[in-house]
Amino acid sequence: MTRLDRLRVVALDCDGVLIDDTYLAMIARWVTGHGGVYDAAAERDVIGLRDIVVAEKVTRLCGLDQPAEETLKQLWAARQEYLAEHPIRVAEGVRDCLAALAKLPVRLVCYGGRTREHTFDRYLGEFADLLDPDVPYVSINEHRPGVAHIARTVLGVGFDEIVFVDDVSRVAEDARAHGAGFVGFPSSPAHARQQDFMAACGVRHFATSLAELTPELLATVDAELAASTHWPRR
């Protein structure tokens, strides 16, 4: 078994890591279709926040004269249209990846912005036997970016005892602010800016497929966290 000196939890984002991301491309299409400019600054500003906050920012970005709640309804409708064109798929190699990570002496949990029933049970429920039996999934929409909520409130571990695997740079920034571990997972061409944002934030490790998310990679993160070298010194 791979030895770990510091890590006690591996937290995996669902959307964009274990299943297809349906957010980045949809938001970009909606903004440009409603008169807004979706550039790097816009993406950095709107992605990775609570749904209603995203709607508020998108409303301003597009110069819309309507409540944010109406924008949110329209975004949800647009997402359903997007899903009709691009049905959600479970990422290739999920069971093999989770089975390998489940052998580590850590708690293995998933998290995402929707309820457990909406996302986890529907698409990933068959893999629950490989995850933490008490907390297989954490919903974070009301607690984004979610690092403190998952680590301290839900699981009660130190920030240097947990590593997050996510496709969004805002989580990387939150992880760095708290001293938690982070592995970037830019899972599609739509994530090119997110990867750039993560690299600029100081993220050292990336996986572009679940096959690259190995116990050996996590052992490297563990050693860095134990030595306080996981994040570059400012």
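Refer to the structure printed above.
Residues numbered from 1 in each chain as written. Predicted model: local features only at pLDDT ≥ 70, side-chain atom pairs only at ≥ 80, totals over all residues. Heavy atoms only, no water.

### Overview of the overall build of the protein chain
For clarity, the threshold we go by: Helix numbering and strand numbering both begin at the N terminus, where a helix is a DSSP run of H or I of at least 4 residues and a strand a DSSP run of E of at least 2. As a reference, a globule follows 2.2 Å times the number of residues to the power 0.38, and the radius of gyration itself is taken over C-alpha atoms. We call two residues in contact whenever any of their non-hydrogen atoms come within 4.5 Å of each other. Computed with a 1.4 Å probe, the accessible areas rest on the Shrake-Rupley method; for each residue, only the protein chains presented here act as cover. Counting rule applied: Lys, Arg positive; Asp, Glu negative; His and chain ends not counted. In plain terms, the charge of a residue is placed at NZ if it is Lys, CZ if Arg, CG if Asp and CD if Glu.
Secondary structure summary: the protein chain contains ten helices and five strands in total. Relative to the compact-globule value of 17 Å for 234 residues, the protein chain shows a C-alpha radius of gyration of 17 Å, a close match. Referenced to the eigenvectors of the C-alpha coordinate spread, the extents of the protein chain come out at roughly 55 × 40 × 30 Å. Excluding contacts between residues fewer than 6 apart, the proportion of contacts in the protein chain whose partners are at least 24 apart in sequence is 69%. Carbon together with sulfur atoms contributes 49% to the accessible area of the protein chain, which is approximately 10,600 Å² in total. Taking the average location of the 25 positive side-chain charges in the protein chain and that of its 35 negative ones, the two points are 4 Å from each other.

### Here's the deal with unusual backbone geometry
Geometrically, the link from Arg144 to Pro145 is a cis peptide bond, its omega value of 0° lying close to zero. The topology assignment puts Pro145 in the loop between strand E3 (137-139) and helix H7 (147-154). Positive phi values are uncommon outside glycine, yet Ser228 reaches one of about 60°. The residue Ser228 is located in the segment after helix H10 (215-226) in this model.

### Brief notes about the sheet that holds strand E2 (residues 107-112)
Here is the rule we go by: Strands are treated as partners if at least two bridges between them are detected by DSSP. Angles run from 0 to 180 degrees between N-to-C directions of axes, and those axes are lines fitted to C-alpha atoms, restricted for helices to the stretch in contact.
Strands sit in the order E3-E2-E1-E4-E5 across an open sheet of five strands; the sheet is parallel. At either margin of the open sheet sits one strand with a lone partner, and together these are E3 and strand E5 (181-184). Between one strand and the next, the sheet's axes are offset by a mean angle of 25°, whatever the strand orientation. Alignment of E2 against E3, held across three bridges, turns out to be parallel. What sits directly across from Tyr111, in E3, is Val138. Seen against the sheet, helix H8 (residues 169-178) touches E2, strand E4 (162-166) and E5 and runs at an angle of roughly 160° to E5.

### Considering the nonpolar core
Keep this limit in mind: For our purposes a nonpolar core is just a set of buried Ala, Val, Leu, Ile, Met, Phe, Trp, Tyr and Cys residues, chained together by side-chain atoms within 4.5 Å. Any residue under 20% of the maximum accessible area for its type is buried, any over 50% is exposed, and the rest in between are partly exposed; the area is computed with a 1.4 Å probe on protein chains only.
In terms of nonpolar packing, the biggest core is built from 36 residues, with Leu12 and Leu213 touching the most fellow members. When contributions to this core are tallied by element, the ones reaching two or more residues are strand E1 (9-13), helix H5 (94-102), E2, helix H6 (116-124), E4 and H10. Not counting residues within four places of it along the chain, the set of residues in contact with Leu12 comprises Leu18, Leu98, Leu101, Leu108, Val109, Cys110, Tyr111, Val165 and Leu213. Within the second largest apolar cluster, 23 residues are counted, among which are Val138, Val147, Ile150 and Phe164.

### Thoughts on the state of the cysteines
The test is simple: Any two cysteine sulfur atoms lying within 2.5 Å of each other are counted as a disulfide.
Under the criterion given, the structure shown has zero disulfides. Here Cys110 stays unpaired: no disulfide links it, and the sulfur of Cys14, its closest cysteine neighbor, is 4.4 Å away.

### Structural notes on the packing of helix H1 (residues 24-33) against helix H4 (residues 68-85)
Quick reminder of the rule: Roughly parallel covers angles under 35 degrees, roughly antiparallel covers those over 145, roughly perpendicular covers 65 to 115, and oblique covers all other angles. Note: crossing handedness is left-handed where the near helix turns anticlockwise from the far helix by less than a right angle, and right-handed where it turns clockwise. The classification used treats Ala, Val, Leu, Ile, Met, Phe, Trp, Tyr, Cys and Pro as nonpolar, Asp, Glu, Lys and Arg as charged, and all other residues, Gly among them, as polar.
Orientation of H1 relative to H4, taken along the N-to-C sense of each, is 120°, at an axis distance of 10 Å. By the angle class used here, H1 and H4 are oblique. Between H1 and H4 the crossing geometry is right-handed. Across the interface between the two elements, Ala25, Met26, Ile27, Arg29 and Trp30 from H1 touch Thr71, Gln74, Leu75, Ala78, Arg79, Tyr82 and Glu85 from H4. Among the residues forming the contact of H1 with H4, the class breakdown is seven nonpolar, two polar and three charged.

### A word on the side chain of Asn141
Filter applied, for reference: Polar contacts here mean pairs of N or O atoms no more than 3.5 Å apart (in protein, one a potential hydrogen donor and the other a potential acceptor; neighbouring residues in sequence count only if both atoms are side-chain atoms).
Mapped onto the elements, Asn141 comes out in the loop between E3 and H7. Of the polar contacts made by the side chain of Asn141, one reaches the backbone nitrogen of Asp51; its length is 3.3 Å. Ignoring sequence-local partners within four residues, the contact set of Asn141 consists of Leu49, Arg50, Asp51, Gly112, Gly113 and Arg114.

### A closer look at the packing of aromatic side chains
By convention here, two paired aromatic rings are described through the distance between centres and the angle between planes. Using the following cut-off: Side-chain rings of Phe, Tyr and Trp, where Trp is taken by its six-membered ring, are said to pair if the distance between their centres is within 6.5 Å; with planes under 30 degrees apart they count as stacked, over 60 as edge-to-face, and otherwise as tilted. Charge over a ring is defined by NZ of Lys or CZ of Arg lying within 6 Å of the ring centre and within 35 degrees of the ring normal.
Going through the model one piece at a time under the given rule, you end up with two aromatic pairs. Ring geometry for Tyr111 against Phe164: centres 5.9 Å apart, planes inclined by 75°, an arrangement best described as edge-to-face. Taken together, the residues Tyr111 in strand E2 and Phe164 in strand E4 connect sequence positions 53 residues apart. The same class applies to Tyr111 as to Phe164, namely buried. Judged by centre distance (5.7 Å) and plane angle (25°), the ring pair of Phe120 and Tyr137 falls under stacked. In this pair, Phe120 is assigned in helix H6 and Tyr137 in strand E3, connecting sequence segments 17 residues apart. Just as Phe120 is buried, Tyr137 falls in that class too. Positioned over the ring face of Phe197 is Arg44, at 4.0 Å from the centre of the ring.

Limitation: the analysis is restricted to geometry and does not speak to function.
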